[in-house]
Amino acid sequence: MAFVEIDGLIKRYGTLSIFEGFDLNMGSTDRLVLIGPSGCGKSTLLRCMMGLEDIAGGTIRLGDDDYIDGAPNGKMKLNRQVQKEVGMVFQHYTLFPHLSVLGNLCLAPVRSRGIKKSEARDKALGLLERFGLADRANFYPSQLSGGQKQRVAIARALMLDPKLMLFDEVTSALDPELVVEVENTMMELAEAGMPMMIVTHDMHFARNIATQVVFQERGKVIEAAPPKDLFGNPQQDRTRDFLRNVLHIEG
Amino acid sequence: MNYEFNWFYVKKALPQLMDGLMVTLQLTLWANIIGLVLGFIVAIGMLSKIRMIVWPLTAYIEFFRCTPALIQLVWFFFCVPILFNVWWSAEFMGMLALGLNLAAFNAEAYRAAIQAIPHAHTDASTALGLNVLQRIIYVILPQALILALPVLITNGIGIFQQSALVALISVQDLMYEGRYIATQTFRPIETLTTVALIYFAVSFPVSQAVTLVERRTKRLLAS
Ligand SMILES: Nc1ncnc2c1ncn2[C@@H]1O[C@H](COP(=O)(O)OP(=O)(O)O)[C@@H](O)[C@H]1O
Ligand SMILES: [Mg+2]
């Protein structure tokens, strides 16, 4: 049985239909990289996975549990226990600016999980140490570079021991020279065996980190394959067109 | 102009002016306490989106924002006792009118600040497993308060200046004492200039501080 099982997902924004029966599976050692033209629903898919979107139909399972059971008219069922096992990092505004780095890391564990302050603190310092951010513990987000902010956001998600991590274009807003440090942090996480779903425009990074690349277009998976196959020998015309375009732009 | 300045009487009356200043400061303090607390409650009510709550609050805010503070004050002093058969002191009425006026303005400051917090923080909070209440208490409100702080201080110092109006309902504040001494001594220029300088001496440092606070909050919340 797959680790993540998306079955018949239906997602609409008002009358705008994004998914009408979308299926996708992911194994527990997989790192899926989602690629596809802008506006094809990559962010929406991750937001559905995080339980941030109301879905009109279909089911999502995670591990052994029923996670989301879509239904029309806001009757979707969401298992909050499972939601807590998913972590997500966004493109923008990821950190809470009124809290220090340490405050950002400890907020959810202390306030929502009831973990002792001292315990959370030790864990936070451990994570910051691991990511080479120990000297930034008492800084405020406004005092960090964009790359550091995103790495802190990753550490903050890890504080809650997620079973699955979602990354939505976490390097897209960064200056080019800051992209690598964030990608390295994600690579480290990958090597530690964290299952991930990643949306990125960086095809080089996608090739390095993915176990499986999923090309989606107009609410459907067009092609899914390991990176060397999908990039080296795409089977579908649309995949080829898309890759030609993005690789051409990248130069 | 060959006016001969004479500061003798003003010097002599300085303790009396200081007594007036104390009354003014007390009024300002209480009006600010009302304005900060009530304004916050009103802002939360406005954001509740419950029509039964929003309507009366909107009426209250717009009434106080769209009528002169002077008429509000005089209305409280003359009309409230007759309408509600309560006979409170002029000081108390002054405090109430100024406090309600300030609360209306502060409510708008709080509301605008709460609405200015990026929606992305809601998603980030949910992704971290915070529930609605935790999100409001630990994520939205602290940021909103920081964001609103400069406006709240500006409004607060504004009410310090507006409080001079209470002299007209015979509260013995700084303005009242100033006018009294000016008439008694036939020295309006010296006396009223001194009174103006006292108002200035209190307001100016605070308004300077606002600039500083604003710069710091802007920097902190930039993301
Ligand atoms: N909250 C929303 N309300 C209405 N339409 C939305 C909303 N979010 C996204 N969309 C639309 O849904 C489509 C898919 O968006 P998105 O998932 O962000 O695409 P991608 O991340 O692949 O670029 C786009 O056409 C976008 O305009
Ligand atoms: Mg997107």
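This one's a predicted model, so the numbers in the text were calculated from it and none came from an experiment. (Residues numbered from 1 in each chain as written. Chains lettered and ligands numbered in written order. Predicted model: local features only at pLDDT ≥ 70, side-chain atom pairs only at ≥ 80, totals over all residues. Heavy atoms only, no water.)

> Would you mind going over the overall build of chain A with me for this structure?
Looking only at helices and strands, one finds nine helices and 11 strands in chain A. Taking 2.2 N^0.38 as the reference for a compact globule, 251 residues should give roughly 18 Å; the C-alpha atoms of chain A span a radius of gyration of 18 Å, in line with that estimate. Overall, chain A is about 55 × 45 × 35 Å in size when its C-alpha atoms are taken along their principal axes. Taking contacts inside chain A between residues at least 6 apart in sequence as the whole, the part at least 24 apart equals 60%. Accessible surface computed for chain A: about 11300 Å², of which carbon and sulfur atoms make up 47%. Across chain A, the centroid of the 29 positively charged side chains sits 6 Å from that of the 32 negatively charged ones. (Helix = DSSP H or I, 4+ residues; strand = E, 2+ residues; numbered from the N terminus. Rg over C-alpha atoms; globule rule 2.2 N^0.38 Å. Contact = heavy atoms within 4.5 Å. Areas by Shrake-Rupley, 256 points an atom, 1.4 Å probe, with all protein chains shown as cover. Lys, Arg positive; Asp, Glu negative; His and termini not counted. Charge placed at Lys NZ, Arg CZ, Asp CG, Glu CD.)

> How should a nonpolar patch on the surface be read in this particular structure?
A cluster of nonpolar side chains, L29, W30, I33, L36, V37 and I41 of chain B, forms an exposed patch at the surface whose accessible area comes to about 560 Å². With respect to the helices, strands and loops of the structure, L29 of chain B is situated in helix α1 (residues 8-47). (Patch = residues over 30% accessible without salt bridge, like charges linked within 9 Å, V, L, I, M, F, W, Y side chains within 5 Å. Salt bridge = Lys/Arg side-chain N within 4 Å of Asp/Glu carboxyl O.)

> Would you mind showing me how to read the UniProt feature "domain: ABC transmembrane type-1" (unreviewed entry) in chain B here?
According to UniProt, the "domain: ABC transmembrane type-1" (unreviewed entry) feature falls on residues 21-210 of chain B. Span residues 21-210 of chain B is 84% helix and 0% strand, its end C-alpha atoms 22 Å apart. (UniProt positions renumbered as here; feature names shortened; annotations may be inferred.)

> Where do I start with the site of ligand 1 in this structure?
All names here are of chain A. Lining the immediate environment of ligand 1, one finds Y13, L16, I18, S38, G39, C40, G41, K42, S43 and T44. In the model, an oxygen atom of ligand 1 is placed 2.7 Å from a nitrogen or oxygen of the G39 main chain. A distance of 2.5 Å separates an oxygen atom of ligand 1 from a polar atom in the side chain of T44. Summarising the interface, the protein chains cover 58% of the accessible area of ligand 1, which totals 560 Å² for the free molecule. Contributing elements (two or more residues each) for the shell around ligand 1: β2 (16-26) and α1 (42-50). Looking at the shell around ligand 1, the element that brings in the most residues is α1, giving three residues. Broken down by class, the residue content of the shell around ligand 1 amounts to four nonpolar, five polar and one charged. (Near = heavy atom within 4 Å. Polar contact = N/O pair within 3.5 Å; in protein donor to acceptor, adjacent residues only side chain to side chain. Nonpolar A, V, L, I, M, F, W, Y, C, P; charged D, E, K, R; others polar.)

> What exactly am I supposed to notice about the pattern of salt bridges here?
Side chains that differ in sign of charge can pair as their charged atoms come close. The full count for this structure, using the stated rule, is 17 salt bridges over all chains. Salt-bridge contacts for K228 of chain A lead to D229 of chain A; the nearest nitrogen and oxygen are separated by 3.7 Å. Judged by relative accessible area, K228 of chain A falls into the exposed class, the value being 62%. Via salt bridges that share partners, K11, R47 and E53 of chain A together with D123 of chain B belong to a single interconnected network. (Buried < 20%, exposed > 50% of the residue type's maximum accessible area, 1.4 Å probe, protein only.)

> How do you make sense of the side chain of S125 of chain B when you look at a structure like this?
Relative to the elements of secondary structure, S125 of chain B occurs in helix α5 (residues 120-127). Excluding its chain neighbours within four sequence positions, the residues that come into contact with S125 of chain B are F96 of chain A together with L130, R135 and V139 of chain B.

> Would you mind going over the environment of F167 of chain A with me for this structure?
Along the polypeptide, F167 of chain A turns up in strand β8 (residues 164-168). In the structure, F167 of chain A is positioned 134 residues away from V33 of chain A in sequence and 9.4 Å away in space, judged by C-alpha atoms.

> What is the right way to read the UniProt feature "domain: ABC transporter" (unreviewed entry) in chain A from this model?
Mapped onto this numbering, the UniProt entry annotates "domain: ABC transporter" (unreviewed entry) at residues 4-243 of chain A. Between the first and last C-alpha atoms of residues 4-243 of chain A the distance is 26 Å; the span itself is 37% helix and 27% strand.

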